[in-house]
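Given next are the chains, with one letter for each unit.
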Amino acid sequence: MNKHFLALHQFTREELDDLFVFTKELKAKQKQRIPHRHLEGKSIALIFEKASTRTRISFEVGVFQLGAQPLFISTGTSQMGRGEPIRDTARVISRYCDGVMIRTYGQETIEEFARYSTAPVINGLTDRFHPCQVMADLFTVIEQKGGYEGLKFAWVGDGNNMANSWIEAAAIFGFELTLACPKGYEPDATVLAWARSKGTTLITLTDDPHEAVRDADVINTDVWASMGQEAEQKIREIAFTGFQVNEGLLDGAKGNCMVLHCLPAHRGEEITDDVIEGSHSAVWDEAENRLHIQKAIMAWLME
Ligand code: CP
Ligand code: NVA
């Protein structure tokens, strides 16, 4: 098992499958209020350079449920925001804390932090990856569809951090993934090349959302402008016209298809209100599962 959790490509299918089993166990214990204080007496730093609702709350609550102390740290109110080098911060924080979660911009920032940290580091979202979210999404698929094998997954929208982590997941778990992205908004080419080099799965890129969702079991989307891209909102609204997950698009998918969105959602843009509130939507279970999967990741790395 890798010491850090920075991206899915660090792990084998067997390791991640074990994590799903452990997550199921922890979720059952939580539902029955059976103590599972795997990190009793430890301290976990939660560092945020970007906004968050789900990640912050699910990590804070998860750390507490594991018997540890969460420390919420906003880079803007720490010396990181005043330019203290990442490597210095990493060496100091990991002398106080038993684990660190970071949400930041560059993947290279979190990788540098991990290089200098003596405590395990978890990626709570970078511009490149959102591995905790995709693990929560897959756990939701397993719960509701009995597994991921043989299912057809679709991505509709921006080739962003979520899309990149889905591509890694497809390569690791070996399921079919078709991504529909507007021209110029495709996923990271190196991530795609890595995934295709694994040769375990069929990963297809198109600019036709209808093609992507044809016979799909699981349909994913995300905002058109991610954090840090706010200035591009208007131009992206034009580029992403036709890339909305709506009832019409779902007509081409399997009748029992599942719709996922990591949230926050922009209703009327990438997804309609009737789809997110409708019978195909699993977004609230998906959001809840952030808590359970992250507890498993933390206990696994930090116990
Ligand atoms: N999905 C997700 O990571 O949500 P937050 O930005 O609210 O943490
Ligand atoms: N792609 C989005 C995900 C938010 C959870 C972003 O990076 O802002």
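In case you missed it, the structure is sitting above this.
Description of the structure in this document. (Residues numbered from 1 in each chain as written. Chains lettered and ligands numbered in written order. Predicted model: local features only at pLDDT ≥ 70, side-chain atom pairs only at ≥ 80, totals over all residues. Heavy atoms only, no water.)

This brings us to the pattern of salt bridges. Where side chains of opposite charge bring their charged atoms close, a pairing between them can arise. One pass over the structure, following the stated rule, counts 19 salt bridges. Measuring nitrogen to oxygen at the nearest pair gives 4.0 Å for the salt bridge that ties Lys 27 to Glu 288. Here Glu 288 lies in helix α12 (residues 283-302) and Lys 27 lies in helix α1 (residues 13-31), a separation of 261 residues in the sequence. For Arg 267, the salt bridge identified is with Asp 273, shortest N-O distance 2.7 Å. Taking the relative accessible area as the measure of exposure, Asp 273 reaches 40% and is therefore partly exposed. The network of salt bridges with shared partners includes Lys 27, Lys 31, Glu 143 and Glu 288. (Salt bridge = Lys/Arg side-chain N within 4 Å of Asp/Glu carboxyl O. Helix = DSSP H or I, 4+ residues; strand = E, 2+ residues; numbered from the N terminus. Buried < 20%, exposed > 50% of the residue type's maximum accessible area, 1.4 Å probe, protein only.)

Let us look at the sheet that holds strand β3 (residues 99-103). As summarised here, the arrangement of the four strands in space is β2-β1-β3-β4, forming an open sheet in which the pairing is parallel. This sheet does not close on itself; its edge strands, each paired only once, are β2 (69-74) and β4 (121-123). Looking at each pair of strands side by side, their axes are set apart by 20° on average, direction ignored. With three bridges joining them, β3 and β4 adopt parallel strand pairing. Within β4, the residue paired with Ile 102 across the bridge is Asn 123. (Pairing = 2+ DSSP bridges. Axes fitted to C-alpha atoms, helices over the stretch in contact; angles between N-to-C directions.)

Two cysteines form a disulfide when their sulfur atoms are joined by a covalent bond. With the rule as written, the count across this model stands at zero disulfides. The closest cysteine sulfur to the non-disulfide-bonded Cys 181 is located on Cys 262, 14 Å from its own sulfur. Classification of Cys 181 by relative accessible area gives buried; the value is 2%. No disulfide involves Cys 262; its nearest neighbouring cysteine sulfur is the one of Cys 132, lying 12 Å away. (Disulfide = S-S within 2.5 Å.)

Turning our attention to the side chain of Thr 221. Looking at the element boundaries, Thr 221 is found in strand β8 (residues 218-221). Residue classification places Thr 221 among the buried residues on the basis of a relative accessible area of 1%. Here Val 156 takes part through its backbone oxygen, which lies 2.7 Å from a polar atom of the side chain of Thr 221. Apart from residues no more than four positions distant in its own chain, Thr 221 is found in contact with Trp 155, Val 156, Val 245, Leu 260, His 261, Cys 262, Glu 270 and Ile 271. (Polar contact = N/O pair within 3.5 Å; in protein donor to acceptor, adjacent residues only side chain to side chain. Contact = heavy atoms within 4.5 Å.)

Taken together, the neighbourhood of ligand 2 is formed by Leu 125, Asn 160, Asn 161, Asp 222, Val 223, Ser 226, Met 227, Cys 262 and Leu 263. Separating a nitrogen atom of ligand 2 from a side-chain N or O atom of Asn 160 is a distance of 3.3 Å. Within the backbone of Met 227, one N or O atom sits 2.8 Å away from an oxygen atom of ligand 2. Protein chains bury 95% of the 270 Å² of accessible surface belonging to ligand 2 in isolation. Because more than half of its atoms lie within 2 Å of the grid, ligand 2 is assigned to the largest pocket. Grouping the constituent residues of the shell around ligand 2 by class yields five nonpolar, three polar and one charged. (Near = heavy atom within 4 Å. Areas by Shrake-Rupley, 256 points an atom, 1.4 Å probe, with all protein chains shown as cover. 1 Å grid on protein atoms, 1.4 Å probe; cavity = no way out; pocket = protein on both sides within 12 Å on 5 of 7 lines; lining within 4 Å. Sits in = over half its atoms within 2 Å of the grid points. Nonpolar A, V, L, I, M, F, W, Y, C, P; charged D, E, K, R; others polar.)

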